[in-house]
Each structure stands twice: as C-alpha cells, then as structure tokens.
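Architecture and fold: a report
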Amino acid sequence: MAKKIRVLIAKPGLDGHDRGAKVVARALRDAGMEVIYTGLRQTPEDIVEAAIQEDVDAIGLSCLSGAHMTLFPEVVKLLKKRGAGDIVIAGGGIIPEEDVQRLKKAGIKEVFGPGTPLRDIVQFFETAAKGG
Amino acid sequence: MADSEERKKLEKELRRWEATTLKDALKALPERRKEFVTTSSRAVKRLYTPLDLPDTFLKRLGKPGEYPFTRGIHPTMYRGRLWTMRLFAGYGSAEDTNERFKYLIAHGETGLSVAFDMPTLYGYDTDEPEAKGEFGTCGVAVSSLEDMQTLFSGIDVGRVSTSMTINGPASVTWAMYLAMAEERGVSRSSLRGTIQNDILKEYQAQKEWIFPPEPSMRLVVDTFEFGSKHVPQWNTISISGYHIREAGSTAAQELAFTLANGFEYVRWGIDRGLRVDDFAPRLSFFFNAHNDLFEELAKYRAARRIWAREMRETFGAKNPRSWLLRFHSQTAGVSLTAQQPEVNIVRTTIQALAAVLGGTQSLHTNAYDEAYQVPNEKAARIALRTQQILAHESGVANTVDPLGGSYFLEAKTDELEEDAYRYFDRIQGLGGVIPAIRKGFFQQEIANSAYRYQREIEDKERIIVGVNDFVVDEQPEVEPLRVTEASFKAQLERLKRMRRTRDKKKWERSLDRLRTACEGEENTMPHILEGVKAKATLGEICDVMREAFGVWEEPLLY
C-alpha cells in the first residue's frame, strides 16, 4: 500500500476566517490524505515546527485578513532555515493578483483564490507529494 | 385557512388540477429537476396554496407594530422612515478611515459602521508582535483614545449613530468612544449606536475571541448594566447570525443559533439581578442576507415572531419594546465571486432586496470587489447606490411587508420556526449554549453545512454564475486599495508619543484598579473608562484582563 500523503493545513496570523481551511482539510481527507489541522492563530514558527514534527509532504496556508505578504514568505524562509525546504507550500485566501505573483516568487508554489474547485486543490497536493 | 368546509373544497380542486392540467403539462415538459431546494437544502414544493397555512394563520401573522411582529416592528415601516444605510468601513489608520467615513456621508450614507483590523479585534496594539503584518488590512487600527478621537474627527457624534463591530474587547472600545464624546461635550444620553459585543458567536463562528466564555459573558453583562443606567440609547449588543452564516451555516442554523445565543444573554442578565425590561429593549440583532430571497425573508419574519413570544412568555418581559427584534443586515460576503466580479453588484441587489422586504432596520451592502480586498471608493459608492435605488426607485418601501400573505413565504416562515425550536431542544439537551460550545456542537454543525454546500457546487448541483458555469477566461480588473507604509508609521509614532507623554502614575493606578475589579465582582465598565481616559491602550487593558481571566482555546475540529 502506498504511503498516505501528509498535509498540514494551517491558519497563520490573527485571521479567524476558518471556513475555507476546514473545507479544504476535509476534501483532502476525503481524497485519502492524512490531514493535520493546526487551528487558528499560529505563528510561522508554530507552523514550521508542526510541519517538521508531523513529517508532512506539503503545507496549505490560509489567510483572509490581508496579512499574507508578511506571513506566507516567513513560513518559506523558516522552513529552509530548518532544512525542510522540500516541503511544498500552497496558499489560499483573499489575495490580489499582483500579490499572487510576488508570493510565487517568494517560494509559494501555488495560490488558490475564491471559487477554486476542490478537485484542483486535491490534484495539486497529489502532484506535489510525488515531487511534481 | 378558514373553515374545514372550504378546506375540503380546495383539496378537491387541487386533486383535480393535479390529475388533469398538471399531469398533461408534465407529460409535455418534465420539470428541470427531480427536487428543488432552498440555499439551505430544504425542499421547495411546486406550488403553495392556502392549504399550506394553518388555521391560526391570521393570528400568527398579526399586524405590523403589534405582537408577534411577524410583519414588522413598526406600524408604518419604511413609509415613516427608511432603514439606516450603514456601510461597514475601515482600513489603515484612523485618518484613512475618517476620510472614508466623510466620503460615504457625503454620498448619502445615514449611519456609520466601523470595521476594525485584526489586532484591534483581538485586543492588541499596532506595535505588539502579534500584530505583525496585520495593521489596517481588513479594518482600522484603534489602539488608544487618541486613535478614536482621530477616527471621528469632524463628525458630529451627537447626531450620527455609530455601529462598531468589536467583540472580545468591546467594552474597551466602547469606553474609548464614550470618552471621546465626553471630551467633546456630547452628553452620554444623546449618544446612539451599537457595539457588536456578541461573544457567543465568536466561539461558534467568527473566532475573534480573547477570554473564556464565563468571564466574557460577565463583561457583556457589565455593559448591559452600565448602558441601561448611563447610555440609554445605545445598543449594548448586536446578537449576530451574520458570521454564523458566513462560516457556512444554513438559514435555519443561523436563525436558531442566533436566537439561542440571544436567550442566553437574557438569562445572564437576569441572573445578575437586572430587570429584563431594563436591558432587553437595548438588545439588537444582525442577520445575513444570502441568495435565496424567500428563505431569507422567512428567516427574518420567523426571528421576530420567536423572539417576541419567548421574551413575553418565557422571560416575562412586560415592556413591548423588550419583545421587538430590531436587526441590522448585511449582504452575504461569502456569496461574492472573484470571477466576473462586476456580477456581484447584481447578487448584492437581490440580497439587499431580501433584507428590505424582510423589514430590516439598517443595512450594509457589500462592494463588488470584496473577494479581493477591502472595497475601493468607487465600489463602496456603488454598494451605497444599490440601497438608494431600492429605497427611492423600486417602490418596495411604499407598503408594509409587501409579501406577507404569500402562501410560499408564510409556509417557509412556519417551517423555519419549527426548525429553530428543534435546534433549541438539541442545545438544551447538550446542557445549554456554553456547554454546547465546549463540545464543539455549533462549530461542527457549521463545518458540516459549509462542506455540504461546497460539495454541491463541486457536483454542479448548485450553480454559481461565473464559478462553475457561465465561465469566461479573463483576468478581472480590480483597482487595488493599499494600506500605505506612511499610515503605519504615523500610527506607530502616535502610540509611541502617547506612551511617552501620559501621566505614568495616573495610568498605573487606573490599571491597578481595573485589575482589582476584574478579580472581584464589581462592574468593570467604570474602571475601563478610567483606564482609557488615563491613556491606557487597548492592548494594555486587555493584558490586565488576559491575566485575570485567562484565554480561550477552542476545540479543534474540521
């Protein structure tokens, strides 16, 4: 049996909007992945620590408060510092187009905006776990 | 429905229609779906008739301005006065938002509504480490009395009513507003407005909590008590279903959970020893206006009827003002699409229509660019114009409860009322609202509904225009709104200057007194007010409370 894909779904910063993160967590679980949900108000340090402890293949960051430009790249930076730069990171939330480009440059592999089909997100994590 | 003779006649007529006219029609053209449902997945029948109304229909309906207020809380509704057009606004610094307030007032807004940024909502100052990256992004930062003074600079707070969406630290923010008004010589008795102050739905849905439920409820009741004595025209709470719905609930869950929370506040007030009629008239409500027009209308009408009944029958309120469910409404942010964003103007119009037909007291309409950002000026103006068109052009404000008597609407109103009572029983079975929060009941119910809704969109059982059908391949153009670095620096500077120049002794003493009050049983409001006047910041006051009360950790589930 193939090893289950392990994904950390995390809410960095103070943002309390958790509808999307929970829906995505559930969709990934239903697609057969092992999902660890951090809950709210996590610092980038908390998230990186959890990702390493849980030995995940990928991280999904959700932020709808507008603090993504500070928080998302910080997670990338800390992961690299801890030698876990191979963990793939995707982000989601209320994110203007020009920020999407900047986040990608900062090492966020993909950014999912409102209205993204769940199957696209599932597929992303499946591909990411295969090293794609 | 009147007598049984007539009912029998109608039943017979209906059977005939089904066997002949309908049968032929279905043979020629089958219906589009096997089952039609509301946004909340409740069945919608093909046809509603007088047979769907109970014999007690007219009694349950009542007259506008009279118990049980199904048709509205005023006898003349919008013929007398239009609803308050109140746009939720806030970004960047107090100066930035003050400018937006003035812009909206200049374009015909009739009430103010403050959106605070995340650090403020959680009781942190702009310069605290927890606030990193969050300054002014989805609301305005108000860390001190000086910020509050700046926010309302040049605005007559003795005349305009102000709503403030703040919960965990609501009493602190309210104290800042009261102190700001006092310094300008505006009497407390003339101040009108609302603090959201609804902590229960924070644990359930919006998630902007600070302290655990019991001390939080104590703070809420402190504001009830203080308000009823000193700020008589202020709504000390806005019991909110809006966020419950945004987090994913159905209309029935929004209705049931909101009212259950409302009853919980009333119980806490009575347990404190307050007379129900002394504080109940200042309890107000806030509901979502989602896509399904008739279901939303039914929700508002059912809410009024249930509240009136329970306040009178269960809580023994004698003052008719205690029976009134007055509510603000906001169109559904969650329904806004990032795809073809201009189309959101149409969605918002239909949702706003539901709120108006449902008898709302005030209304916020979302701007079309909100799936991307806090609205830019033009988008906010169009949102305001939407309300003005409903008020002045559409004609729907010219009569009271225009859809009252619709068989469909009345049947749905009854159905939602029954759904709500079933939830009340379940909540009671779990030991009440706070034990049910600790068990994650509301949170799980809401998450389940959110997931089901999303699956329906995935499976195309539910069509969202521009998202899973009628899609175009385009990059939407939305004019960006950015919080500037200059605003951030100015805010930091103001805080620094204030901390440096304030009277240290007075400041320290006020925080000590507040600490003693928190650890004891006296009302915290006067001490918070003293702290604010002594230039204690939001974060400093909340730190005292965090120490005294502890912080909440929510049950993890998805």
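Here, residues in each chain are numbered from 1, in the same order as that chain's written sequence. Starting at A for chains and at 1 for ligands, labels are handed out in the order in which the entities are written. For this predicted model, a pLDDT threshold of at least 70 governs which residues receive local features, and a threshold of 80 or more governs which side-chain atom pairs are given and counted, while totals over whole chains, interfaces and linings are taken from all residues.

What to know about the packing of helix H6 (residues 170–183) of chain B against helix H21 (residues 525–533) of chain B
Residue and element names in this part refer to chain B. This is how the line gets drawn: Lines are fitted to the C-alpha atoms to define the axes, a helix being fitted only along its stretch in contact, and any angle between axes, read from their N-to-C directions, falls within 0 to 180 degrees. For the purposes of this entry, the term helix denotes a DSSP run of H or I that reaches at least four residues, the term strand denotes a run of E that reaches at least two, and both are numbered from the N terminus. Orientation labels follow simple angle bins: below 35 degrees gives roughly parallel, above 145 gives roughly antiparallel, 65 to 115 gives roughly perpendicular, and whatever is left gives oblique. Left-handed describes a crossing in which the near helix is turned anticlockwise from the far one by less than a right angle; the clockwise case is right-handed. Contact between two residues is assigned when their C-beta atoms, built from the backbone, lie within 7 Å.
Axis separation between H6 and H21 bottoms out at 9 Å; the angle between their running directions is 60°. As the angle between them shows, H6 and H21 are arranged oblique. At the point where H6 passes H21, the crossing takes the right-handed sense. Two secondary-structure elements touch here, H6 through Ser-171, Val-172, Ala-175, Met-176, Leu-178 and Ala-179 and H21 through Met-525, Ile-528, Leu-529, Val-532 and Lys-533.

Regarding the domain arrangement of chain B
Residue and element names in this part refer to chain B. Test applied: Where each domain starts and ends comes from a domain assignment, either automatic or drawn from a database.
Here chain B is described as being made up of domain 1 (80–458) and domain 2 (503–549). Computed over C-alpha atoms only, the centres of domain 1 and domain 2 are separated by 27 Å. On the domain 2 side, the residues contacting the 25 residues of domain 1 number 16 residues. Listing elements by their share of the side of domain 1 that touches domain 2, those giving two or more residues are H6 and helix H8 (213–230).

Re the interface of chain B and chain A
Contacts between chain B and chain A engage 31 residues on the former and 27 residues on the latter. Of all elements in the fold, only helix H4 (118–121) and helix H18 (441–458) of chain B reach the threshold of two or more residues within the side of chain B that touches chain A.

Observations regarding the environment of Arg159(B)
Position of Arg159(B) among the secondary structure elements: in the loop between helix H5 (145–151) and strand E5 (162–165). A C-alpha to C-alpha distance of 7.9 Å links Arg159(B) and Ser190(B), two positions 31 residues apart in sequence.

Structural notes on the packing of helix H1 (residues 19–30) of chain A against H18(B)
One way to put it is that H1(A) packs onto H18(B) with a least axis distance of 10 Å and a crossing angle of 70°. Judged on the interaxial angle alone, H18(B) and H1(A) are roughly perpendicular. As for the relative orientation of H1(A) and H18(B), their crossing is right-handed in sense. From H1(A), Arg19(A), Lys22(A), Val23(A) and Arg26(A) reach across to H18(B), where they touch Ala447(B), Ala450(B), Tyr451(B) and Gln454(B).

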